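Each chain, letter by letter, is given below.
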Amino acid sequence: MTAAAVGLSHSPLIGKNDPDPQVVAAVDSAVDTARAFVRAFDPDLVVLYAPDHYNGFFYKEMPPFCLATEAHAVGDFGSSAGPLSVDTEAARALARGVLDRGVDLSVSARMTVDHGFVQPLEVLFGGIDQVPVVPVFVNGVATPLGPVSRIRALGTALGQAATELDRRVLFLGSGGLSHDPPVPVLDGAPPRVADALIEGRPPTPEQRARGEQRVIQAGRDYAAGSTTMIPLNPAWDNLVLDTFEQGRLADVDGWTVEWMGAEGGGSAHEVRTWVAAFASLAATGPYRMTSRFYAPVPEWVAGFAVATAEPSTGTAAEQPLREGESGR
Ligand SMILES: O=C(O)/C=C/c1cccc(O)c1O
Ligand SMILES: [Fe+2]
């Protein structure tokens, strides 16, 4: 088995509320680098860790994480709808391997997913059915959230299980870093909203359009500096990226839910997907980050980051990231 990892922020506001062209060009260039990295690695299996935004998982049953043996995308914010090309056999083997290692994984035989899963597949592979994938939902939105150490344990167990497959596995984390979009919160929600968050009744097209419009307005408010939400936090985002780049994954066990929310906003917990992806790669051996990009993009309500990593050979030929590559 060979492995690699990519972390990629997502935002449904990309293309809908764009920043200055220079910022878009810088992001495009970083994404091109990641795409080239993925093409060169040529994975035959992608383990995709991503959050949900109350399109697939609801408070009726809200697991901390869940692996899918089959998955369908809802097509929110104009993203692709339909079945993902899930590798059911690999998904079952990985689920077994994670459970055997003492991590209480739940399994969905028909997961509903949204832009959190779809966007990285579209961006890196050109669609949701282009590469065999094992989708793993990681709750990064719906409180209460468990300790980050359990996400590292999940990633580690899944990485170890993947070593037993004769595959080229890309571990892909979708989301983060600091951001505080207007995702509804159950605590204190009016009864109609609470009911929707618990039951998960599909929104009418009008309701979905209103919700999406609210997010677009949030992007405009962030860009205008008139938001009442927690601002993007480049210092915290770079601390998070330093942790991954320096392979200090055990540090995340000390990250509290309160600290992450205060520093990075209500959706900063999406960075749990990166924790899982890098822990999976680390479970296969030492790694090195080969590219790192970061830009705070208020128009997208996103501390936006892209990073790639591969196994480290420990030889002198390996170059550390150059200044321009780090995005700092
Ligand atoms: O409202 C949603 O479904 C999500 C919005 C959003 C906005 C910006 C960054 C993200 O990661 C999001 O999921
Ligand atoms: Fe998100």
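To be clear, the structure that these remarks concern was listed above.
Below you will find a few notes about this structure. Given the structure is predicted, the values throughout are model-derived calculations rather than measurements. (Residues numbered from 1 in each chain as written. Chains lettered and ligands numbered in written order. Predicted model: local features only at pLDDT ≥ 70, side-chain atom pairs only at ≥ 80, totals over all residues. Heavy atoms only, no water.)

1. Considering the pattern of salt bridges
Between side chains of opposite charge, a pair can form when the charged atoms approach closely. Keep this limit in mind: Whenever Lys or Arg places a side-chain nitrogen within 4 Å of a carboxyl oxygen from Asp or Glu, that contact is recorded as a salt bridge. Numbering of helices and strands runs from the N terminus; a helix is a DSSP stretch of H or I covering at least four residues, while a strand is a stretch of E covering at least two. Throughout this description, buried means an accessible area under 20% of the type-specific maximum (1.4 Å probe, protein chains only), exposed means over 50%, and partly exposed covers the range between.
One pass over the full model with this rule turns up 14 salt bridges. For Arg35, the salt bridge identified is with Asp32, shortest N-O distance 2.6 Å. Here Arg35 and its partner Asp32 are both found in helix H1 (residues 21-41), 3 residues apart, which amounts to about one turn of the helix. What makes Arg35 partly exposed here is its relative accessible area of 27%. The shortest N-O distance in the salt bridge between Arg110 and Glu70 comes to 3.1 Å. Linking Arg110 in the loop between strand E6 (106-108) and strand E7 (111-113) with Glu70 in the loop between strand E3 (65-68) and strand E4 (71-74), this pair joins segments that are 40 residues apart in sequence. On the basis of relative accessible area, Arg110 is assigned to the exposed category, the value being 61%.

2. Some points on the coordination of the iron ion (ligand 2)
Where we set the bar: Each metal's donors comprise the N, O and S atoms found within 2.8 Å of it (within 3.2 Å for Na, K or Ca). Water is not part of the atom list, so some coordination spheres may appear incomplete.
Around the iron ion (ligand 2), the protein contributes the donor atoms His10 (NE2), His53 (NE2) and Glu270 (OE), at 2.0 to 2.2 Å from the metal centre. Every donor residue of the iron ion (ligand 2) comes from the same chain, spaced as H-x42-H-x216-E. Taken together, the residues span a long stretch of sequence, with His10 in the loop between strand E1 (2-8) and H1 and His53 in the loop between strand E2 (45-50) and E3 at a distance of 43 residues. This pair shows no difference in class: His10 is buried, exactly as His53 is.

3. Some thoughts on the site of ligand 1
Operational definition: Summary of the distance rule: residues count as near a molecule or strand when at least one heavy atom falls within 4 Å of that molecule or strand. Nitrogen and oxygen atoms within 3.5 Å of one another constitute a polar contact, given that in protein one can donate a hydrogen and the other can accept it, and given that sequence-neighbouring residues count only through two side-chain atoms. In short, Shrake-Rupley with a 1.4 Å probe defines the accessible areas, and a residue's cover is counted only from the protein chains shown. The method works on a 1 Å grid over the protein atoms by themselves. A cavity is a set of points holding a 1.4 Å probe that cannot get out, a pocket is an open set with protein on both sides within 12 Å along at least five of seven lines, and residues with an atom within 4 Å of a point line them. More than half of a molecule's atoms lying within 2 Å of a cavity's or pocket's grid points is what places that molecule inside it.
In the region of ligand 1, the neighbouring residues are His10, Ser11, Pro12, His53, Phe77, His115, His179, Pro181, Val215, Glu270, Trp300 and Val301. In this structure, an oxygen atom belonging to ligand 1 sits 3.0 Å away from a side-chain N or O atom of His10. At a separation of 3.0 Å, an oxygen atom of ligand 1 approaches a polar side-chain atom of His115. Burial of ligand 1 by the protein amounts to 94% of the accessible area it has alone, namely 340 Å². At a threshold of 2 Å from the grid points, most atoms of ligand 1 map onto the largest pocket.

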